Amino acid sequence: ASSFTATNTILTTSYPSRLTSSLATTTRPFFLPSSLHLQQHQQQHQARNSSRKATTLAARNDDQDDSIDAAVYTPLDRPLLAIVDTISLTIFAAIGKSSHSSDGSIDLLSVLITAFPFLTAWLATSPFTGVYSPDDRNNNILASTALKIGKGWIVAIPIGIVGRGIIKGYVPPVPFMIVTLISTLVILVGVRVLFSVLEDFFVELVN
């Protein structure tokens with residue numbers, strides 16, 4: 001009887017303690033993570049936060065670009081540039097009238113009448129063509145100016161030719177259309193490039 005009691009005491013005191021120690025060792029990684037696990041978890045959390053911030057910043061930049069592209073710019077936004085374009089188209093009309101004059105003289109009224117449909121078409125379509133939007137100073141001046149002018153030229157000058165035909169009462173001849181398209185593009189781009197160069201020069205001079 002004493003032997004049975006001693007054996008029972010050993011079983012009840014030793015096995016529970018071994019079982020408890022085994023459970024603690026087995027479950028420790030799940031309930032008591034080590035410093036390495038905590039560090040990995042923090043790194044993953046920081047990586048997720050960085051990715052979210054980068055995505056949010058990119059989305060904001062895209063929204064800003066879209067808002068700039070979607071904005072409407074009129075000649076009133078850049079009146080000095082509108083005056084430059086007016087001078088360019090008036091020069092085109094003056095050259096045309098001078099070439100058709102026997103003595104090379106220029107009638108100011110005839111020049112203004114010739115320039116009127118082109119000026120009207122250019123200024124009226126400018127909010128849709130973006131010719132008075134902010135300039136892209138990061139690219140080549142000639143290329144960026146030609147691209148911007150081209151967007152307005154391809155729309156406004158054909159409308160101006162139609163308006164010229166309505167004023168004159170007949171369909172303009174094809175040679176006139178070709179010369180008009182080429183000369184207006186060259187004059188508009190050339191004068192704008194010159195204006196941009198002078199503008200940058202005076203800005204640097206003042207600063």
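The model shown is predicted, which means the values in this text are computed figures rather than measured ones.

What counts as what
- Residues numbered from 1 in each chain as written.
- Predicted model: local features only at pLDDT ≥ 70, side-chain atom pairs only at ≥ 80, totals over all residues.
- Heavy atoms only, no water.
- Axes fitted to C-alpha atoms, helices over the stretch in contact; angles between N-to-C directions.
- Helix = DSSP H or I, 4+ residues; strand = E, 2+ residues; numbered from the N terminus.
- Parallel < 35°, antiparallel > 145°, perpendicular 65-115°, else oblique.
- Left-handed = near helix turned anticlockwise from the far one by under 90°.
- Contact = heavy atoms within 4.5 Å.
- Phe/Tyr/Trp six-rings, centres within 6.5 Å; stacked < 30°, edge-to-face > 60°.
- Buried < 20%, exposed > 50% of the residue type's maximum accessible area, 1.4 Å probe, protein only.
- Core = buried A, V, L, I, M, F, W, Y, C linked by side-chain atoms within 4.5 Å.
- Polar contact = N/O pair within 3.5 Å; in protein donor to acceptor, adjacent residues only side chain to side chain.

Caption draft 1: Structural context of the packing of helix α3 (residues 79-100) against helix α4 (residues 108-129). Interhelical geometry of α3 versus α4 gives an angle of 140° and a closest axis separation of 8 Å. Compared by their axis directions, α3 and α4 come out oblique. As α3 runs across α4, the sense of the crossing is right-handed. On α4, the residues touching D85, T86, L89, T90, F92, A93, A94 and K97 of α3 are S110, V111, T114, A115, F118, L119 and W122.

Caption draft 2: View of the packing of aromatic side chains. Counted under the stated rule, the structure contains two aromatic pairs. Pairing F92 with F118 gives two aromatic rings, centres 5.4 Å apart and planes at 85°, and the pair type is edge-to-face. Within this pair, whereas F92 is found in helix α3, its partner F118 is found in helix α4, the two being separated by 26 residues in sequence. Grouping residues by exposure puts F92 and F118 together as buried. Taking 5.5 Å as the distance between ring centres and 70° as the angle between the ring planes, the aromatic pair formed by F201 and F202 counts as edge-to-face. The class of F201 is partly exposed, set by a relative accessible area of 46%. For F202, a relative accessible area of 47% corresponds to the partly exposed category.

Caption draft 3: Spatial organisation of the nonpolar core. By size, the foremost hydrophobic cluster in this structure holds 25 residues, and its most contacted members are L89, F118, W122, Y132, I149 and I157. If you tally residues by element for this core, the top one is α3, at seven residues.

Caption draft 4: Structural view of the side chain of D85. Among the secondary structure elements, D85 is positioned in helix α3. With relative accessibility at 0%, the residue D85 sits in the buried group. A distance of 3.2 Å separates a polar atom in the side chain of D85 from a polar atom in the side chain of W122. Residues within four places of D85 in sequence aside, it is in contact with L119, W122, Y132, L188 and R192.

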